[in-house]
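Close look at the chain arrangement
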Amino acid sequence: MSTTAVFTVAGMSCGHCERTVSAGLAALPGVTDVSADAPSGLVTVSSAGPLDEAVVRGTVDGAGFTFVGRA
């Protein structure tokens with residue numbers, strides 16, 4: 001079952017930030033697509049199944065950004 005989740009991430013200000021967040025999340029098991037938008041702070045993640053929000057938070061925070069929560 002494919003799922004899509006939208007998360008709010010603080011601290012993204014440019015294309016490089018978008019690519020950094022996207023690359024980190026794209027490396028998670030089951031993730032099939034990631035789209036980050038710095039101006040809105042939204043990151044859309046498609047995956048084969050539901051993602052563990054704690055893992056998403058750890059990945060985003062570990063990349064130097066702030067995971068706010070689900071949008």
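Scroll up for the structure.
Nothing here was measured: the structure is a model prediction, and the numbers come from that model.

**Quick word on the overall build of the protein chain**
In terms of regular secondary structure, the protein chain is built from two helices and four strands. Helices and strands in the protein chain line up, N terminus first, as β-α-β-β-α-β. In the protein chain, the share of contacts with a sequence separation of at least 24, taken over all contacts with a separation of at least 6, comes to 60%. Put simply, the protein chain shows about 3700 Å² of open surface, and 56% of that area lies on carbon and sulfur atoms.

**A look at the environment of P50**
By the secondary structure assignment, P50 is in the loop between β3 (42-47) and α2 (53-62). For the pair P50 and T4, spaced 46 residues apart in sequence, the C-alpha to C-alpha distance is 8.1 Å.

**Brief notes about the pattern of salt bridges**
Under the criterion given, the structure shown has one salt bridge. Salt-bridge contacts for E53 lead to R70; the nearest nitrogen and oxygen are separated by 3.1 Å. Of the two residues, E53 sits in helix α2 while R70 sits in strand β4 (residues 66-70), which places them 17 residues apart along the sequence. Since its relative accessible area comes to 29%, E53 is described here as partly exposed. Classification of R70 by relative accessible area gives partly exposed; the value is 48%.

**Here we look at the nonpolar core**
Of all hydrophobic cores here, the largest spans 19 residues; its most connected members are M12, L25, V43, V45, V56, V60 and F65. Of all the secondary structure elements, the ones that give two or more residues to this core are β1 (3-10), α1 (15-26), β2 (31-37), β3 and α2.

Procedures and definitions
- Think of each chain on its own: its residues are numbered from 1, step by step along the sequence as written.
- Two thresholds apply to this predicted model, a pLDDT of at least 70 for residue-level local features and 80 or more for giving and counting side-chain atom pairs, whereas whole-chain, interface and lining totals are computed over all residues.
- Note that water and hydrogens are dropped before the side-chain values are worked out from all heavy atoms of the structure.
- Under the scheme used here, helices are H or I runs from DSSP no shorter than 4 residues and strands are E runs no shorter than 2 residues, and both carry numbers assigned from the N terminus.
- Any pair of residues with heavy atoms lying within 4.5 Å of one another is described as a contacting pair.
- Computed by Shrake-Rupley with a 1.4 Å probe, the accessible areas treat only the displayed protein chains as cover when residues are assessed.
- Salt bridges, as used here, are contacts in which a Lys or Arg side-chain nitrogen is within 4 Å of a carboxyl oxygen on Asp or Glu.
- Relative accessibility decides the category of a residue: with a 1.4 Å probe and only protein chains considered, values under 20% of the type maximum give buried, values over 50% give exposed, and everything between is partly exposed.
- Definition of nonpolar core: a set of buried residues of the types Ala, Val, Leu, Ile, Met, Phe, Trp, Tyr and Cys, connected through side-chain atoms within 4.5 Å.

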